[in-house]
Amino acid sequence: TQAKTTIMKLSISITFYIVFNLLQGCVSYDNAIVYEKDYNPGSNNKLNFNGYYQDRNKSDYLAPMFFYKNGSVIYSGLSKDTIELKERILLNPKGFWGYWGNYKISGDTITIETFPPNINTFRQERYLRKGIIRNDKLTFFQEINRKNKVNEIDEILEFINFKTKPDSTANWIRKKKKYNK
């Protein structure tokens, strides 16, 4: 009976592995607009890298956005408070619990490009946000979906000092061959 249980567990594990890899092969990726070969994010000394940006209107939870000097950005998942956020980062510093992307700065304007998964289409769909960089604030005024549908928005994120950050080397977009041709 122990041998049967072991064989059954092994069979389930192998089946899961095969199905998971088949689904991974079905995923398609939208083309990038911001990130491309020889990418340069631009700079603005008002963009702060020593913490995260958070919508202050969402005070019942954290949805932080971390920026990195190399142009990476991660729009993380929700946390109930900074203690939980720090624990999540320390447990998984590669930040697999958020949406990685890249940003481009031109003057005081920032464009953020992420590729959140769409579980209905098995696509990593491009999503753009445009905003203005101000002292310790980002004011987003536009969202653009993969079909180039533009939505006007009014969202202000404020900077919050925070020492712990996900590891930006986990930004999968930079490792994807499609985006580095």
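Located above this text is the structure these notes cover.
Keep in mind the model is a prediction, meaning the values are calculated, not measured.

(A) The pattern of salt bridges, seen in detail. If you walk through the whole model with that rule in mind, you get two salt bridges. Its salt-bridge partner being R129, residue E143 comes within 3.7 Å of it at the nearest N-O pair. With E143 in strand 10 (residues 137-144) and R129 in strand 9 (residues 127-134), this pair connects stretches of sequence that are 14 residues apart. Pair check on accessibility: E143 and R129 agree, each one buried.

(B) The arrangement of the packing of aromatic side chains in detail. A full pass over the atoms with the stated rule returns seven aromatic pairs. Between Y52 and F162, the aromatic rings sit 5.4 Å apart at their centres with planes inclined by 75°, giving edge-to-face as the arrangement. With Y52 in strand 2 (residues 51-55) and F162 in the segment after strand 11 (150-161), the pair connects residues that are 110 residues apart, well separated along the chain. The same class applies to Y52 as to F162, namely buried. Centre to centre, the rings of F67 and Y103 are 5.5 Å apart; their planes meet at 65°, and the pair counts as edge-to-face. Of this pair, F67 sits in strand 3 (residues 65-67) while Y103 sits in strand 5 (residues 98-106), and the two are 36 residues apart along the sequence. A relative accessible area of 1% means that F67 is categorised as buried. The exposure class of Y103 is buried, given its relative accessible area of 0%. In this structure, R129 packs its charged tip against the face of F140, placed 4.3 Å from the ring centre. Of note, K165 hangs over the ring of Y68, and the distance from its end group to the ring centre comes to 4.1 Å.

What counts, and at which threshold
- Residues numbered from 1 in each chain as written.
- Predicted model: local features only at pLDDT ≥ 70, side-chain atom pairs only at ≥ 80, totals over all residues.
- Heavy atoms only, no water.
- Salt bridge = Lys/Arg side-chain N within 4 Å of Asp/Glu carboxyl O.
- Helix = DSSP H or I, 4+ residues; strand = E, 2+ residues; numbered from the N terminus.
- Buried < 20%, exposed > 50% of the residue type's maximum accessible area, 1.4 Å probe, protein only.
- Phe/Tyr/Trp six-rings, centres within 6.5 Å; stacked < 30°, edge-to-face > 60°.
- Lys NZ or Arg CZ within 6 Å of the ring centre and 35° of its normal.

On their own, these measurements won't tell you what the molecule is for.
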